[in-house]
Amino acid sequence: IAEKTDNLKDFAEEETDTSATKEQKKLKLVAGACYIPKDDESHPKGDDAYFICAEKQTLGIADGVGGWRLQGIDAGAYARELMANCTESALLVPVGCLIDPMRVLAEGHSKTNAKGSSTACIITLQHNVYKYAPSLLHSTRKLFYASSV
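Residues numbered from 1 in each chain as written. Predicted model: local features only at pLDDT ≥ 70, side-chain atom pairs only at ≥ 80, totals over all residues. Heavy atoms only, no water.

Let's shift gears to helix H3 (residues 101-110). Burial in H3 covers these residues: Pro101, Met102, Val104, Leu105, Gly108 and His109. Projected onto a plane normal to the axis of H3, the buried residues spread over an arc of 165° and lie on a single side. Exposed residues on H3 whose side chains face more than 90 degrees from its buried face are Arg103 and Ser110. Two to three positions downstream of the cap, the backbone nitrogen of Met102 sits 3.0 Å from a side-chain oxygen, assigning the N-cap of H3 to Asp100. (Buried < 20%, exposed > 50% of the residue type's maximum accessible area, 1.4 Å probe, protein only. Helix = DSSP H or I, 4+ residues; strand = E, 2+ residues; numbered from the N terminus. Arc of directions from axis to C-beta. Polar contact = N/O pair within 3.5 Å; in protein donor to acceptor, adjacent residues only side chain to side chain.)

What follows is the structure, encoded as structure tokens:
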């Protein structure tokens, strides 16, 4: 009986070991998307856009402001260009350096030339922590917010 008790004690210690030497599991961002725009022949690509950059564990989504259509502007073109520029910005971050979602969004926005505006969010997973930069981008003023979870 003593031998069985010792074996159970060893097993319990192995299972509950939370020491710093035990390797922490690394999270990985796995994402996918499908975009189905509204049925509108004048804007077949819709007003929204996204990017997924598995290499940098980063993604972004932009919701173009459809109200620009009243002025003949394709808000989807703005959202698509913004996300393309954000992808480029994320890919340019050197290997080993942390991605700052706020910077990715700001750089993407500064390189976007299309007329329009969009709400957007950039999310990245680094060292088992999600960091994100939600924003409201307007034509005359820019509000950026950054946070981490």
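Turning our eyes to something else, we now look at the packing of helix H2 (residues 75-91) against H3. How two helices pack is summed up by the angle between their axes together with the distance between the axes. The N-to-C vectors of H2 and H3 enclose an angle of 130°; their axes lie 8 Å apart at closest approach. Compared by their axis directions, H2 and H3 come out oblique. Relative to H3, H2 is oriented so that their crossing is right-handed. Residues Tyr78, Leu82, Asn85, Cys86, Ser89 and Ala90 of H2 pack against Arg103, Val104, Leu105, Glu107, Gly108 and His109 of H3. (Axes fitted to C-alpha atoms, helices over the stretch in contact; angles between N-to-C directions. Parallel < 35°, antiparallel > 145°, perpendicular 65-115°, else oblique. Left-handed = near helix turned anticlockwise from the far one by under 90°. Contact = heavy atoms within 4.5 Å.)

Applying the stated criterion across every chain, the model contains four salt bridges. Residue Glu88 is joined to Lys111 by a salt bridge in which the shortest nitrogen-to-oxygen separation is 3.7 Å. Residue Glu88 is found in helix H2, and its partner Lys111 is found in the loop between H3 and strand S3 (118-126); the two are separated by 23 residues along the sequence. Glu88 sits in the partly exposed class, given a relative accessible area of 39%. Note that Glu107 is salt-bridged to Arg103, the shortest N-O span being 2.7 Å. Of this pair, Glu107 and Arg103 both sit in helix H3, four residues apart, roughly one helical turn. For Glu107, a relative accessible area of 24% gives the class partly exposed. (Salt bridge = Lys/Arg side-chain N within 4 Å of Asp/Glu carboxyl O.)

Turning next to the layout of surface pockets. By volume, the largest pocket is sized at about 460 Å³. The residue makeup of the lining of the largest pocket, split by class, is eight nonpolar, five polar and three charged. (1 Å grid on protein atoms, 1.4 Å probe; cavity = no way out; pocket = protein on both sides within 12 Å on 5 of 7 lines; lining within 4 Å. Points joined across faces, edges and corners; volume = space filled by probe spheres on them. Nonpolar A, V, L, I, M, F, W, Y, C, P; charged D, E, K, R; others polar.)

Let us now look at the side chain of Gln126. Within the secondary structure, Gln126 sits in strand S3. Excluding residues within four positions of it along the chain, Gln126 makes contact with Leu98, Ile99 and Lys131.

Burial analysis of S3 places seven of its nine residues in the buried class, the great majority of the element. Judged from the seven bridges that link them, strand S2 (residues 58-64) and S3 form a sheet pairing that is antiparallel. Counterpart to Ile61 in the pairing with S3 is Cys121. (Pairing = 2+ DSSP bridges.)

Turning to the pairing of S2, a few remarks are in order. Within a regular beta strand, the side chains point alternately toward one face of the sheet and then the other, so they alternate between its two faces. Burial of S2 is extensive: five of the seven residues sit out of reach of the surface. Where strand S1 (residues 48-53) and S2 come together, six bridges link them in antiparallel fashion. Along S2, the bridge assignment pairs Ile52 with Leu59.

In short, geometric facts, not functional conclusions.
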